[in-house]
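Notes for the structure review
Chain by chain, the residues run as shown.
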Amino acid sequence: MKKVLITGAAGFLGSHLCDRFIKEGYFVIGMDNFITGDKKNLHHLKPNPSFEFIEHDVTQFVKIDGKLDYILHFASPASPIDYLKIPIQTLKVGSLGTHNLLGLAKAKKARILIASTSEVYGDPLVHPQTEDYYGNVNTIGPRGVYDEAKRFQESITMAYHRFHGLDTRIVRIFNTYGPRMRLNDGRVIPAFMGQALRGEDLTIFGNGMQTRSFCYVDDQVEGIYRLLLSDYNKPINIGNPHEITIKDFAEEIIKLTGTEQKVIYKELPVDDPMQRQPDISLAKELLNWEPKVGREEGMKKTFKYFKSLSKEQLYKSEHKDFSNYINK
Ligand code: NAD
Ligand code: UDP
């Protein structure tokens, strides 16, 4: 049985990856320190004999007994509000955490896949974003803690590949959504859906003309799985190229949820990217991958999940007014 270590396992993407690898017949070791994750995301795997969980902060030395075939490093705060609240931990998990996991991969002769992000392109001046674009990042801005941690992560991963011959993969993930996102994590989909469910107005930051391209989690997981099993070492974009303005997106959410609320406008966070759309030609060509789930279908599934949460989760005060955190 192949053994895979997944860091960030209690998070949104990490928990879906645990499910997928177990389904494919792997033994999965999940690791997390719960800083932005939730134990509930792994609850269903507790009795599974193919799953083991280790509570650990990956910025500290990571020890795993026995063999390891693959490592997927997904631990990191991922929502702008989260990394504004915990900037130092964000820098540390991308730098020190990645260093520890690369060291572990080298010791175990394991293949390692690193979760990078479209944020390495910053507020992009090239559209759509291709992998050969170097990006436009404000190193000292509030988002710099995440963007630069991820850029360093890519650099150290390539250095381990070139210098030590380590077998590495780098996925640049574009906005991904689905069940198990934290309702109060401040990202636009949980934010709008939470507001609709609580009967609050939907908060658009800026004039809403900024764009994003949303990928359903099952498509993202499929892309990551194919990349891991491929032999491609350079960064690759995985995301859904279907682009939409945040203003139009808010209208879609109002329609889907049936809320009678309106949209209200708040200040745009510093360095909020104005446009984002992945060029996925490389993933199509090398991995024979493209997204299959349209936004309407994906949003329906996601809303169903948020609707199923308890009142207590819905009204948890954390991050209810996201504008308190932006631009601080
Ligand atoms: P998430 O916050 O749901 O999950 C991240 C998990 O990492 C959490 O469970 C958290 O507790 C854990 N974690 C953070 N620091 C840790 C540490 N020091 N030690 C151990 N565990 C730690 O976020 P997500 O959306 O699932 O994102 C997962 C990964 O994918 C991140 O690396 C993120 O940068 C990347 N990513 C996600 C998206 C997206 O749209 N979801 C986009 C680009 C990149
Ligand atoms: N956004 C918004 N209202 C909210 C939360 C987010 O208008 O309540 C905007 C945000 O400013 C950004 C876009 O939605 O332009 C996507 O934000 P998110 O935090 O989901 O992720 P990002 O792509 O910025 O990392």
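Everything below is about the structure printed above this text.
First things first, this report covers the structure right here in the doc. Bear in mind that the values here come from a model prediction, so they are computed numbers and not experimental data.

1. Some remarks on the overall build of the chain
Within the chain, the regular secondary structure consists of ten helices and 13 strands. In terms of overall dimensions, the chain has C-alpha extents of about 55 × 45 × 40 Å along its principal axes. Buried residues in the chain amount to 57% of all 328 residues. Of the contacts formed within the chain by residues at least 6 apart in sequence, a portion of 82% connects residues at least 24 apart. Counting every atom, the chain has about 14,400 Å² of accessible surface; 52% of that belongs to carbon and sulfur.

2. Some words on the site of ligand 2
Not every one of the 19 residues close to ligand 2 is listed here, only the nearest: T203, F205, R212, D272 and R276. F205 has a polar backbone atom sitting 2.8 Å from an oxygen atom of ligand 2. Measuring from an oxygen atom of ligand 2, one finds a side-chain N or O atom of R276 at 2.6 Å. For ligand 2, whose accessible area on its own is 520 Å², the fraction buried by protein is 95%. Those elements giving two or more residues to the shell around ligand 2 turn out to be helix 5 (188-198) and strand 8 (202-205). Counted by class, the shell around ligand 2 contains nine nonpolar, four polar and six charged residues.

3. Let's talk about the packing of helix 1 (residues 12-23) against helix 6 (residues 217-229)
Running from amino to carboxyl end, helix 1 crosses helix 6 at an angle of 65°, the nearest separation of the two axes being 10 Å. Seen from above, helix 1 lies across helix 6 with right-handed handedness. Note on element contacts: helix 6 touches helix 1 through V217, Q220, V221, E222, I224, Y225 and L228, opposite F12, L13, H16, L17, R20 and F21. Each residue belonging to the contact of helix 1 with helix 6 can be placed in one class, and the counts come to nine nonpolar, two polar and two charged.

4. Considerations on the environment of T139
Topologically, T139 is positioned in the loop between strand 5 (111-117) and helix 4 (144-164). Between the C-alpha atom of T139 and that of G122, which follows or precedes it by 17 residues, the distance is 9.6 Å.

5. A word on the site of ligand 1
The environment of ligand 1 is formed by 29 residues, the closest being L13, D32, T36, Y146 and T176. Take S76: an N or O atom from its main chain is 3.4 Å from an oxygen atom of ligand 1. The side chain of Y146 places a nitrogen or oxygen atom 2.6 Å from an oxygen atom of ligand 1. The protein chains hide 96% of the 820 Å² of surface that ligand 1 would expose on its own. Elements represented by at least two residues in the shell around ligand 1 include exactly helix 1, strand 5 and helix 4. Residue composition of the shell around ligand 1, by class: 13 nonpolar, twelve polar and four charged.

6. A look at the pattern of salt bridges
Enumeration according to the criterion identifies 21 salt bridges in this entry. With a shortest N-O distance of 2.7 Å, R111 and D167 are connected by a salt bridge. With a gap of 56 residues between them, R111 in strand 5 and D167 in the loop between helix 4 and strand 6 (168-173) connect regions that are remote in the sequence. Each member of the salt-bridge network shares a partner with another, and the members are E119, R143, R212, D272 and R276.

7. Section: the sheet that holds strand 1 (residues 3-7)
Read across the open sheet, the seven strands follow the order 3-2-1-4-5-6-11; overall the sheet is parallel. The open sheet has two edge strands with one neighbour each: strand 3 (51-55) and strand 11 (235-238). In this sheet, neighbouring strand axes are inclined to one another by 20° on average, regardless of whether the strands run parallel or antiparallel. In the packing of helix 4 onto the sheet, contacts are made with strand 4 (70-73), strand 5, strand 6 and strand 11, and the angle to strand 5 comes to roughly 155°.

8. Considering the packing of aromatic side chains
This structure, assessed with the given rule, holds twelve aromatic pairs. With a centroid separation of 5.0 Å and an interplanar angle of 75°, the aromatic rings of F21 and Y26 are classed as edge-to-face. With respect to burial, F21 and Y26 carry one shared label: buried. Taking the centre distance of 6.0 Å and the plane angle of 15° together, the rings of Y121 and Y133 count as stacked. You can see Y121 sitting in the loop between strand 5 and helix 4 and its partner Y133 sitting in the loop between strand 5 and helix 4, a full twelve residues away along the chain. What makes Y121 buried here is its relative accessible area of 1%. Looking at R20, its charged tip hangs above the ring of Y225, at a distance of 4.4 Å from the centre. It is K39 that lies over the ring of F34; its NZ or CZ is 4.5 Å from the centre.

Conventions adopted
Residues numbered from 1 in each chain as written. Chains lettered and ligands numbered in written order. Predicted model: local features only at pLDDT ≥ 70, side-chain atom pairs only at ≥ 80, totals over all residues. Heavy atoms only, no water. Helix = DSSP H or I, 4+ residues; strand = E, 2+ residues; numbered from the N terminus. Buried < 20%, exposed > 50% of the residue type's maximum accessible area, 1.4 Å probe, protein only. Contact = heavy atoms within 4.5 Å. Areas by Shrake-Rupley, 256 points an atom, 1.4 Å probe, with all protein chains shown as cover. Near = heavy atom within 4 Å. Polar contact = N/O pair within 3.5 Å; in protein donor to acceptor, adjacent residues only side chain to side chain. Nonpolar A, V, L, I, M, F, W, Y, C, P; charged D, E, K, R; others polar. Axes fitted to C-alpha atoms, helices over the stretch in contact; angles between N-to-C directions. Left-handed = near helix turned anticlockwise from the far one by under 90°. Salt bridge = Lys/Arg side-chain N within 4 Å of Asp/Glu carboxyl O. Pairing = 2+ DSSP bridges. Phe/Tyr/Trp six-rings, centres within 6.5 Å; stacked < 30°, edge-to-face > 60°. Lys NZ or Arg CZ within 6 Å of the ring centre and 35° of its normal.

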